[in-house]
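Chains, contacts and geometry: an overview
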Amino acid sequence: MFNQLVNKEVSAQHNAADASDSFKVPFELLQNQLGKTLFEISRLSVHNGLLQTGNISLARLLARRCGYSLRTARRHIRRLQLAGLLTSQTNQTAAGMQAVSLYQRRFD
């Protein structure tokens, strides 16, 4: 499972699966930077199934907590979304502008 590529077929199959599925994270993923991201996401509080990040984006929060760049944090979030371990919802402000996206983790 270490350093496996995720293709679109796998993520499409996951989207068709039951929304209540929860994945166990393999230990091998916790030994690199992506593992640090997974660990920090698992520490975030959850309210109504959504991760609570406050008024800042998840990428910015991960960059601060993990000590790497914003671009790396966004790359990790994208990899987790493709793997089906993280899902997102876009959110809009009252003025119709894009606000901070809401995320839901799909692992324990």
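To be clear, the structure that these remarks concern was listed above.
Described below are features of the structure shown in this document. (Residues numbered from 1 in each chain as written. Predicted model: local features only at pLDDT ≥ 70, side-chain atom pairs only at ≥ 80, totals over all residues. Heavy atoms only, no water.)

1. What to know about the packing of helix 3 (residues 58-66) against helix 4 (residues 70-83)
Between helix 3 and helix 4, the least distance of the axes is 8 Å, while the angle of their chain directions is 120 degrees. In terms of axis orientation, helix 3 runs oblique to helix 4. By crossing handedness, the relation of helix 3 to helix 4 is classed as right-handed. Side by side, helix 3 and helix 4 meet where Leu58, Ala59, Arg60, Leu62 and Ala63 of the first sit next to Leu70, Ala73, Arg74 and Ile77 of the second. (Axes fitted to C-alpha atoms, helices over the stretch in contact; angles between N-to-C directions. Helix = DSSP H or I, 4+ residues; strand = E, 2+ residues; numbered from the N terminus. Parallel < 35°, antiparallel > 145°, perpendicular 65-115°, else oblique. Left-handed = near helix turned anticlockwise from the far one by under 90°. Contact = heavy atoms within 4.5 Å.)

2. Quick look at the nonpolar core
Soluble globular proteins tend to bury their nonpolar side chains together. Of all hydrophobic cores here, the largest spans 19 residues; its most connected members are Ile41, Leu51, Leu58, Ile77, Leu80 and Leu86. Residue assignment for this core shows that the elements contributing at least two residues are helix 2 (33-43), helix 3 and helix 4. The greatest single-element share of this core, amounting to six residues, is contributed by helix 3. Aside from chain neighbours lying at most four places away, what touches Ile41 is Leu51, Leu62, Leu80, Leu86, Arg105 and Phe107. (Core = buried A, V, L, I, M, F, W, Y, C linked by side-chain atoms within 4.5 Å. Buried < 20%, exposed > 50% of the residue type's maximum accessible area, 1.4 Å probe, protein only.)

3. So, unusual backbone geometry
Unlike most non-glycine residues, Asn48 shows phi in positive territory, near 55 degrees. Topologically, Asn48 is positioned in the loop between strand 1 (46-47) and strand 2 (50-51). For Asn48, a relative accessible area of 71% corresponds to the exposed category.

4. Focus: the pattern of salt bridges
Per the counting criterion, the structure on display carries two salt bridges. We note a salt bridge from Glu40 to Arg43, for which the minimum N-O separation is 3.1 Å. Residue Glu40 and its partner Arg43 are located together in helix 2, separated by three residues, close to a single helical turn. Notably, a salt bridge pairs Arg65 with Glu40, separated by 3.3 Å at the nearest N-O pair. Here Glu40 lies in helix 2 and Arg65 lies in helix 3, a separation of 25 residues in the sequence. By relative accessible area, which is 38% here, Arg65 ends up partly exposed. By relative accessible area, Glu40 is classed as buried at 8%. (Salt bridge = Lys/Arg side-chain N within 4 Å of Asp/Glu carboxyl O.)

5. Brief notes about the packing of helix 2 against helix 3
Orientation of helix 2 relative to helix 3, taken along the N-to-C sense of each, is 110 degrees, at an axis distance of 10 Å. Looking at the two axes, helix 2 sits roughly perpendicular to helix 3. In the packing of helix 2 onto helix 3, the handedness of the crossing is right-handed. Residues Lys36, Thr37, Glu40, Ile41 and Arg43 of helix 2 touch helix 3, and the partners they reach there are Leu62, Arg65 and Cys66. Tallied by class, the residues present in the contact of helix 2 with helix 3 amount to three nonpolar, one polar and four charged. (Nonpolar A, V, L, I, M, F, W, Y, C, P; charged D, E, K, R; others polar.)

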